[in-house]
Amino acid sequence: MCGNMMIFDANTTTVAEISPVSTVFLTPASRCACPLSQTGATDGINPPVRNTNRYADWMLTCTMDGSLDDIRFLADSQHRAVTMESLADGPRSRAELRDVTGASSATVGRIVQAFEKRGWLVRDGTHYSLTALGTFVAGSFAKHRHDMKLARKLDDLLPHVPIGEIGIDVDQLTDALVTQAIPANSFAMVSRIRELELDSMEARSLTDFFPEPCIDGRYEAIVNGTQTFEAVFAPTVIEAAVASDSASKFEAIVAADCTDIYVYDGDISYPVMFHDGEVCLIVRDEENVSIGMIETDDETVVDWVMDVFETCRAEATLLTPGDLTAPLEDDLAQT
């Protein structure tokens, strides 16, 4: 916190003490409000030179209102963050907080005392619960953690997302689910897509990639389920599917009454999917390698995805079961 502020007058060399306030310049050159350290005044009656590290530090010190201290207090300790998160779900005993945090009784004791001192927590017998203020702080901190976690995931993806073309800001993706293809789990995207395939009732897909696990998932959802499916595939998808071990399942998908499969011979810059009102955008890097996918129900993104899908579908050729036995080039040549 900034503490009391001292106003220095360069002309009269008088000093007046006032209550904590933000930085105030009485005149551009001669008067300023700056904090006193424990040992006395700062370097002089004027702030440090602008556009220097010392000036930035000085401004930060003068404008802090304690909120950064509270954020730092929670963020600097996993035990505190977990305690706050646990209490947000309801009253907890000290033993329960010890179990959920993995901290010692002494550590938990210090945490609940600090929370109580800040007005975030009250004790009722053997249990602790958040106050109205504590509930507000817990919600705000949880949202901040969620947003920062999402920012980390989006860091590698956003340079390859056509945000300008879609017409959105990053804050419209705060509720998005991001799945990354990472070395530790290179099949994370395929696994997530398979989940969506199996769980959705209505689906659309525009893609040049349809691996066997996805064919199997669609087969279960369509032939053995009730999913309606409309897809626009690149020719390479058809060729690979017919040559795969899942060829018979792919043929069954094409023949199903609840499916419409199209072949699109153009460039698919952004593979996209639609599942029960939510859309997925497959993100690829400059080497055309899939590095992640973003799922969202944001209205602007949904409209953009559907527009991309419908534009490609309008230029595509409807695929029939009979086409699978004929050379694909012949089918495309008829359009």
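Refer to the preceding data block for the structure.
In this text the structure is predicted, and so the values were computed from the model without any measurement.

## Thoughts on the packing of helix H4 (residues 94-101) against helix H5 (residues 105-117)
Packing of H4 against H5 leaves a shortest axis separation of 10 Å and a crossing angle of 110 degrees. Relative to H5, the element H4 lies roughly perpendicular. Residues Arg 94, Leu 97, Arg 98 and Thr 101 of H4 form the contact with H5, whose own contacting residues are Ser 105, Val 108, Gly 109 and Val 112. In terms of residue class, the contact of H4 with H5 is built from 3 nonpolar, 3 polar and 2 charged.

## Examining the pairing of strand S6 (residues 127-130)
Going residue by residue along S6, you find Tyr 128 and Leu 130 tucked away on one face and His 127 and Ser 129 left uncovered on the opposite face. Taken together, the 2 bridges between strand S4 (residues 92-93) and S6 define a ladder with antiparallel strand orientation. In the sheet register, Ser 93 faces S6, and the bridge partner there is His 127. Pairing of strand S5 (residues 121-124) with S6, which is carried by 4 bridges, proceeds in the antiparallel orientation. Bridge pairing in S6 links Arg 123 to Tyr 128. Joining the antiparallel neighbours S5 and S6 is a turn of 2 residues, in which Gly 125 adopts a positive phi near 70 degrees.

## Comments concerning empty space enclosed by the protein
As enumerated under the stated definition, the model contains 1 cavity of 30 Å³ or more in all. Taken as a whole, the largest cavity encloses approximately 60 Å³ of empty space. Around the largest cavity, the lining residues are Val 161, Ile 166, Ile 168, Leu 173, Leu 281, Ile 294, Thr 296 and Val 301. Its residues placed into classes, the lining of the largest cavity shows 7 nonpolar, 1 polar and no charged.

## As for the layout of surface pockets
Of the pockets and cavities examined, the largest pocket occupies roughly 330 Å³. Around the largest pocket sit 21 residues that line it, and Met 189, Val 190, Ile 193, Phe 209 and Ser 290 are the ones nearest its centre. With 4 residues, the top contributor of residues to the lining of the largest pocket is helix H8 (residues 188-199). As for the second largest pocket, its lining consists of Asp 70, Ile 71, Leu 74, Trp 120, Phe 136, Val 137, Ser 140, Phe 141 and His 144. At the level of elements, helix H2 (67-75) and helix H6 (132-157) are the ones that each hand at least two residues to the lining of the second largest pocket. By residue number, the principal contributor to the lining of the second largest pocket is H6, which donates 5 residues. The residue makeup of the lining of the second largest pocket, split by class, is 6 nonpolar, 2 polar and 1 charged.

## A word on H8
Its 12 residues give H8 an end-to-end C-alpha distance of 17 Å, which sits within 8% of 16 Å, the value for a rise of 1.5 Å per residue. Here H8 has its buried residues at Ala 188, Met 189, Val 190, Ile 193, Leu 196 and Glu 197. On its buried face, H8 is in contact with strand S7 (177-180), helix H9 (212-222), strand S11 (272-275), strand S12 (278-284) and strand S13 (290-296).

## Some remarks on the packing of helix H3 (residues 78-88) against H6
Where H3 contacts H6, the axes come no closer than 10 Å and their chain directions differ by 120 degrees. Judged by the angle between their axes, H3 and H6 are oblique. The crossing of H3 and H6 is left-handed. On H6, the residues that touch Gln 78, Ala 81, Met 84, Glu 85 and Ala 88 of H3 are Gly 134, Val 137, Ala 138, Phe 141 and Arg 145.

Calculation notes
Numbering of residues begins from 1 in every chain and follows the order in which that chain's sequence is written. Local features in a predicted model are, by the rule used here, given only for residues with pLDDT of at least 70; side-chain atom pairs are given and counted only at 80 or more, and totals for whole chains, interfaces and linings are based on all residues. Just so you know, side-chain values use all the structure's heavy atoms and leave hydrogens and water out. Think of each axis as a best-fit line through the C-alpha atoms, taken over the contacting stretch in the case of a helix, with angles from 0 to 180 degrees between the N-to-C directions. Per the convention used, a helix needs a DSSP run of H or I reaching at least four residues, while a strand needs a run of E reaching at least two, with both numbered from the N terminus. The cut-offs work like this: below 35 degrees is roughly parallel, past 145 is roughly antiparallel, 65 to 115 is roughly perpendicular, and the gaps in between are oblique. By definition, residues are in contact when any of their heavy atoms lie within 4.5 Å. In this classification, Asp, Glu, Lys and Arg are treated as charged, Ala, Val, Leu, Ile, Met, Phe, Trp, Tyr, Cys and Pro as nonpolar, and every other residue, Gly included, as polar. The cut-offs for exposure are 20% and 50% of the maximum accessible area for each residue type, with area from a 1.4 Å probe on protein chains only; residues under the lower value are buried, those over the upper are exposed, and the others partly exposed. In short, DSSP must find at least two bridges between two strands for them to pair. Using a 1 Å grid laid over the protein atoms alone, points where a 1.4 Å probe fits but cannot get out form a cavity; open sets with protein on both sides within 12 Å along at least 5 of 7 lines form a pocket; any residue with an atom within 4 Å of a point counts as lining. Grid points are joined across faces, edges and corners, and a volume is the space filled by probe spheres set on the points. A helix's residues, less one, multiplied by 1.5 Å, set its expected span. Helix crossings are classified by the rotation of the near helix relative to the far one: an anticlockwise turn of less than a right angle makes the crossing left-handed, while a clockwise turn makes it right-handed.

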